[in-house]
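# Tertiary structure, described
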Amino acid sequence: MLPLLTDFLSKKKLQVEFLDHGVLTPLKNWLEPLPDGSLPNATVRASILNILIEDFPVDIDQEDRRELLKKSGLGKVIMFLSKSEEEITANKKLAKD
């Protein structure tokens, strides 16, 4: 399922539609800690972070995109991962980028 997600989100002509339909919230849900406090699978976290950096960057210079990012809570989860002692080094670096 993860390769399918990566494939769809990398399609540039669909990215505005994905953003307009709230794709940032499900991406946040895949990154945030689980109910027991543990982190989701490291491979899933790395893939989502890579999607956000390489294939699906959110242009925060556009006010509406910045608001979508704030509303989703994705930035808070990424900041948490960048500082978490439980996060692996490679993912911390991705989260800081």
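Anyway, here's the lowdown on the structure attached to this text. (Residues numbered from 1 in each chain as written. Predicted model: local features only at pLDDT ≥ 70, side-chain atom pairs only at ≥ 80, totals over all residues. Heavy atoms only, no water.)

## A few points about the overall build of the protein
- A tally of helices and strands in the protein yields seven helices and zero strands.
- When the elements of the protein are put in sequence order from the N terminus, they spell out α-α-α-α-α-α-α.
- For 97 residues, the compact-globule estimate of 2.2 N^0.38 gives 13 Å, and the protein sits close to it at 13 Å.
- With the C-alpha coordinates of the protein rotated into their principal frame, the extents come out at 35 × 30 × 25 Å.
- By the burial criterion, 35% of the 97 residues in the protein qualify as buried.
- Here the analysis covers contacts within the protein between residues at least 6 apart in sequence; of these, 65% occur between residues at least 24 apart.
- Here the protein displays about 6,300 Å² of accessible surface, and carbon together with sulfur accounts for 57% of that area. (Helix = DSSP H or I, 4+ residues; strand = E, 2+ residues; numbered from the N terminus. Rg over C-alpha atoms; globule rule 2.2 N^0.38 Å. Buried < 20%, exposed > 50% of the residue type's maximum accessible area, 1.4 Å probe, protein only. Contact = heavy atoms within 4.5 Å. Areas by Shrake-Rupley, 256 points an atom, 1.4 Å probe, with all protein chains shown as cover.)

## Describing the packing of helix α3 (residues 24-31) against helix α6 (residues 74-83)
- Contact geometry of α3 with α6 gives a least axis separation of 9 Å together with a crossing angle of 25°. Considering their axes alone, α3 and α6 lie roughly parallel with respect to each other. Both α3 and α6 take part in a crossing whose hand is left-handed. Residues Leu24, Leu27, Lys28 and Leu31 of α3 form the contact with α6, whose participating residues are Leu74, Val77, Ile78 and Leu81.
- Across the contact of α3 with α6, the residue classes tally to seven nonpolar, no polar and one charged. (Axes fitted to C-alpha atoms, helices over the stretch in contact; angles between N-to-C directions. Parallel < 35°, antiparallel > 145°, perpendicular 65-115°, else oblique. Left-handed = near helix turned anticlockwise from the far one by under 90°. Nonpolar A, V, L, I, M, F, W, Y, C, P; charged D, E, K, R; others polar.)

## Considerations on the pattern of salt bridges
- One pass over the full model with this rule turns up six salt bridges.
- Note that Lys70 is salt-bridged to Glu67, the shortest N-O span being 3.9 Å. Of this pair, Lys70 and Glu67 both sit in helix α5 (residues 63-72), separated by three residues, roughly a single helical turn.
- Linking Asp97 and Lys93 is a salt bridge whose minimum nitrogen-to-oxygen distance equals 3.8 Å. Accessibility assignment for this pair places Asp97 and Lys93 in one class, exposed. (Salt bridge = Lys/Arg side-chain N within 4 Å of Asp/Glu carboxyl O.)

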